[in-house]
Amino acid sequence: MNERAFQSPIPDPTTRPFWDAAAEGRLLIGLCRDTGRHFFPPRGASPFTLSANVELVPASGAGTVYSFTVMRTAEPYAPAMVELEEGPRIFTNIVGCDPGAIRIGLRVRVVFRTGAEGGPPVPMFTPG
């Protein structure tokens, strides 16, 4: 499957640490220090307690396809919901494989793709 072009994100001061880590090939997720639960996207307050007692932590980058579809356009692509090993789900794209090979429960790992204008790389997932 050809990978379609996409617009790179524009980091702001609150998202800069996430995108800086992505540029280094690292996926960060949020951790609520009050509950010990991980969340995505990372943000300044816990979605569980609304407390600011949160931190960014590295994720393994491994997960499974929770849900997906294949968009059969001029440049086909496969948006998906991937459940990370740490628990949170991330909305992403499945890349680097034939769309017919994608299945719910497929083991995937994070890869980073750079947008058309060369901004920060975006986490996507590929079988493996």
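Just so we're clear, the structure is a prediction, and the values are computed from it rather than from any experiment. (Residues numbered from 1 in each chain as written. Predicted model: local features only at pLDDT ≥ 70, side-chain atom pairs only at ≥ 80, totals over all residues. Heavy atoms only, no water.)

Remarks on unusual backbone geometry
Next, step 1: In this structure, Pro41 follows Phe40 across a cis peptide bond, with omega equal to 0°.
Next, step 2: Positionally, Pro41 belongs in the loop between strand 2 (38-39) and strand 3 (54-58).
Next, step 3: Unlike most non-glycine residues, Leu50 shows phi in positive territory, near 65°.
Next, step 4: For Leu50, the position within the fold is in the loop between strand 2 and strand 3.
Next, step 5: For Leu50, a relative accessible area of 70% corresponds to the exposed category. (Helix = DSSP H or I, 4+ residues; strand = E, 2+ residues; numbered from the N terminus. Buried < 20%, exposed > 50% of the residue type's maximum accessible area, 1.4 Å probe, protein only.)

Some remarks on the packing of aromatic side chains
Next, step 1: In total, this model carries three aromatic pairs according to the counting rule given.
Next, step 2: With 6.2 Å between their ring centres and 75° between their planes, Phe39 and Phe48 make a pair best called edge-to-face.
Next, step 3: On the accessibility criterion, Phe39 (3% relative accessible area) is buried.
Next, step 4: Given a relative accessible area of 32%, Phe48 falls into the partly exposed group.
Next, step 5: By the ring-pair criterion, three or more aromatic residues cluster together here, those being Phe18, Trp19 and Phe40.
Next, step 6: Over the ring of Phe48 we find Arg37; its NZ or CZ atom is 3.8 Å from the centre of that ring.
Next, step 7: Its end group placed over the ring of Tyr66, Arg89 keeps NZ or CZ at 3.6 Å from the ring centre. (Phe/Tyr/Trp six-rings, centres within 6.5 Å; stacked < 30°, edge-to-face > 60°. Lys NZ or Arg CZ within 6 Å of the ring centre and 35° of its normal.)

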